[in-house]
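Structural features, examined
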Amino acid sequence: MKTTEKKLNMLEVLHQIESELPRLLEIDMNKYWHSLLVNYHPPMVERLWYDWNDFRICLHVIHACTTEEALFHTHPWPSAMRIVHGSYEMGIGYGVGETEPPIAAKVVLGPGCEYEMVEPDGWHYVRPLTKTTSTLMVTGKPWGRSSPKSDKPLGSLTDERKEEILNIFRQYYQVKE
């Protein structure tokens, strides 16, 4: 990145989306919210996603795994996250290419915590410390960085499970039912 380029402030985007989220959580689930079961590597992630302007909103339920199992990875796009329910340990590293860098730091994050990842060569893993951890993730346009992908097609969630996940976020964002 050139020093004259302005880096996208993903935390500002997260906050802007959070102001819209109560309305977005009420729209037709089957028409606008898509789902994926990301189960090719621990931790397993149940994801609902919605395209919003130039961003993607992802609602995650991340299932517990061990530190050794947790996928240490890069993201192919800038992102910001908020933990809505539960907590997780996050390992953080930085390195170019496909070789895993050393873990430079570990942090434990709980409900209400937020962070952004805006460097293509930033790495992390998350390991829920509770049975599940729910997070809101907002992503920007891909920057061309490779990241782990599944060799097999990812599944989708049942309508019942999608509704359960939406309700986790409706409760957090105090959407009136």
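The coordinates are above.
One structure accompanies this document, and this report is about it. Model, not experiment: these values are computed from the prediction.

What counts as what
- Residues numbered from 1 in each chain as written.
- Predicted model: local features only at pLDDT ≥ 70, side-chain atom pairs only at ≥ 80, totals over all residues.
- Heavy atoms only, no water.
- Helix = DSSP H or I, 4+ residues; strand = E, 2+ residues; numbered from the N terminus.
- Expected span 1.5 Å × (residues − 1).
- Buried < 20%, exposed > 50% of the residue type's maximum accessible area, 1.4 Å probe, protein only.
- Arc of directions from axis to C-beta.
- Contact = heavy atoms within 4.5 Å.
- Core = buried A, V, L, I, M, F, W, Y, C linked by side-chain atoms within 4.5 Å.
- Pairing = 2+ DSSP bridges.
- Axes fitted to C-alpha atoms, helices over the stretch in contact; angles between N-to-C directions.

**A look at helix H3 (residues 159-172)**
For H3, spanning 14 residues, the distance from its first C-alpha to its last is 20 Å, which sits close to the expected 20 Å at 1.5 Å a residue. Among all positions of H3, only Lys162, Ile165, Leu166, Phe169 and Arg170 are buried. What you see down the axis of H3 is that its buried residues fit within an arc of 145 degrees, all on one side. Of the exposed residues in H3, those oriented more than 90 degrees away from the buried face are Glu160 and Gln171. Those residues of H3 that are buried are in contact with helix H2 (29-32), strand E1 (34-38), strand E2 (45-52), strand E3 (55-63), strand E4 (79-85) and strand E9 (132-139). Directly beyond the C-terminal end of H3, a positive phi value near 50 degrees is found at glutamine 174.

**Describing the nonpolar core**
Grouped together as the largest cluster of nonpolar side chains are 29 residues, with contacts concentrated most on Leu25, Trp33, Ile57 and Leu59. Of all elements in the fold, only helix H1 (10-24), E2, E3, E4, E9 and H3 reach the threshold of two or more residues within this core. By residue number, the principal contributor to this core is H1, which donates six residues. In this view, tryptophan 33 contacts Leu21, Leu24, Leu25, Ile27, Asp28, Leu48, Trp49, Tyr50, Ile57, Leu59, Lys162 and Leu166; residues no more than four positions away in its chain are not counted. One finds Val45, Trp77, Tyr115 and Met137 within the second-largest nonpolar core, a separate group that totals 15 residues.

**Topic: the sheet that holds E1**
Spatial ordering of the open sheet is given by E1-E2-E3-E9-E4-E7, a layout of six strands whose pairing is antiparallel. Of all strands in the sheet, those with a lone pairing partner are E1 and strand E7 (114-117), marking the two edges. Geometrically, the sheet is characterised by an average inter-axis angle of 20 degrees between neighbouring strands, direction not taken into account. Packing of H3 onto the sheet brings it into contact with E1, E2, E3, E4 and E9, and relative to E3 it is tilted by some 105 degrees.

**Comments concerning the environment of methionine 90**
Structurally, the position occupied by methionine 90 is in strand E5 (residues 88-94). Distance in space between the C-alpha atoms of methionine 90 and isoleucine 103 is 9.8 Å, their sequence separation being 13 residues. With sequence-adjacent residues up to four places away left out, methionine 90 is seen in contact with Ala105, Lys106, Val107, Leu109, Tyr115, His124, Tyr125 and Val126.

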